[in-house]
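Read off the chains here:
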Amino acid sequence: MKRSSGIKIVIIGIILAAIVLGYFYYLGNRDRQQTEEAVAATVVQSVLMRDLEYNYPPTPKEVVKYYSEITECFYNEEYSDEELTQLANKIQYLYDAELVANKTQEQYMQDLRNEIADMKKNKYTIASYEVSASTDVEYFTQNGDSCARLYCTYYLRQPSSGTRVSSLERFVLRQDQDSHWKILGWELVEE
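Given the structure is predicted, the values throughout are model-derived calculations rather than measurements.

A.B. asks: With reference to specific residues and values, describe the overall build of the chain.
C.D. replies: If you tally the helices and strands in the chain, you get 6 helices and 5 strands. Beginning at the N terminus, the succession of helices and strands in the chain can be written as α-α-α-α-α-α-β-β-β-β-β. Its C-alpha atoms give the chain a radius of gyration of 27 Å, clearly above 16 Å, the size a compact globule of 191 residues would have. Taken along its principal axes, the extent of the C-alpha atoms in the chain is 100 × 45 × 35 Å. In the chain, buried positions account for 31% of the 191 residues. Considering only contacts in the chain between residues 6 or more positions apart, those separated by 24 or more positions represent 57%.

Pasting the structure below:
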């Protein structure tokens, strides 16, 4: 009798252990399934998720890289009008206050829409870009302000004709009162 009750206790213990292990297995897989079911963010949404208030690019090179990511979104991706406005606000946050003051918000948005429409009409996309190496950034002082100059090469592609074009642009950035590097301007460099 004692032996059979001992066996019953062992069997009940094994069954309880199996139930507990099965429950933990279920919980572990449920979390994994929920994670896999989460919708992947689009490229535009990924760019928009960056919080520039707390995660501003620390160097002139990183500012131009983020500017270029946004520019790629303008010309390469699909987005809603609301996302276009959000992208425009993100890119303007990278601009120096003096640059932003050159146009009203309405003028800026109209010019941006026209530029995007022109690129899409000609079926150009940005295949890639290449920002100057950190060692090639030229730092200088102008009117008491810390400034930086660097280059970015954009490689444009027109899939319908197979045309590939490179465009070299020179960026000038100025450090603001919060020590953030802001884009003061840029120009196309004739090669």
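A.B. asks: Lay out the nonpolar core with the relevant residues and their values.
C.D. replies: A general tendency of soluble globular proteins is for nonpolar side chains to be buried together. With 37 residues, the main nonpolar core has Phe-74 and Leu-94 as its most contacted residues. Contributing elements (two or more residues each) for this core: helix H2 (43–48), helix H3 (60–76), helix H4 (81–93), helix H6 (105–121), strand E1 (125–131), strand E3 (145–158), strand E4 (163–175) and strand E5 (181–188). With 8 residues, H3 is the largest single contributor of residues to this core. With residues near it in sequence (within four places) discarded, Phe-74 still touches Tyr-79, Leu-84, Leu-87, Ala-88, Ile-91, Leu-112, Ile-116 and Lys-120.

A.B. asks: Help me get a handle on the pairing of E4, residues and values and all.
C.D. replies: By the bridge criterion, 12 bridges tie E3 to E4 in an arrangement that is antiparallel. Residue pairing in the sheet places Cys-152 in a bridge with Glu-169 of E4. Relative to E5, E4 is paired through 7 bridges, and the arrangement is antiparallel. Residue pairing for E5: Arg-170 is matched across the bridge by Glu-187. With antiparallel pairing between neighbouring strands as the criterion, E4 and E5 make up a hairpin whose turn holds 5 residues, including Ser-179 at a positive phi of roughly 65°.

A.B. asks: Now, about the pattern of salt bridges: what can you tell me, with residues and values included?
C.D. replies: Enumeration over the complete set of coordinates arrives at 7 salt bridges. The residue Glu-138 makes a salt bridge to Arg-149 at a minimum N-O spacing of 2.9 Å. Taken together, the positions of Glu-138 in strand E2 (residues 138–142) and Arg-149 in strand E3 put the pair 11 residues apart, joining distant regions of the chain. We classify Glu-138 as partly exposed; its relative accessible area is 40%. Ionic pairing is found between Asp-145 and Arg-174, a salt bridge with its closest N-O pair at 3.5 Å. A residue pair is termed long-range when its members are at least 10 positions apart, and Asp-145 in strand E3 and Arg-174 in strand E4 qualify at 29 residues. Judged by relative accessible area, which is 16%, Arg-174 ranks as buried. Shared partners join several salt bridges into a network, and the residues in it are Asp-96, Glu-98, Asp-145 and Arg-174.

Conventions adopted
- Residues numbered from 1 in each chain as written.
- Predicted model: local features only at pLDDT ≥ 70, side-chain atom pairs only at ≥ 80, totals over all residues.
- Heavy atoms only, no water.
- Helix = DSSP H or I, 4+ residues; strand = E, 2+ residues; numbered from the N terminus.
- Rg over C-alpha atoms; globule rule 2.2 N^0.38 Å.
- Buried < 20%, exposed > 50% of the residue type's maximum accessible area, 1.4 Å probe, protein only.
- Contact = heavy atoms within 4.5 Å.
- Core = buried A, V, L, I, M, F, W, Y, C linked by side-chain atoms within 4.5 Å.
- Pairing = 2+ DSSP bridges.
- Salt bridge = Lys/Arg side-chain N within 4 Å of Asp/Glu carboxyl O.

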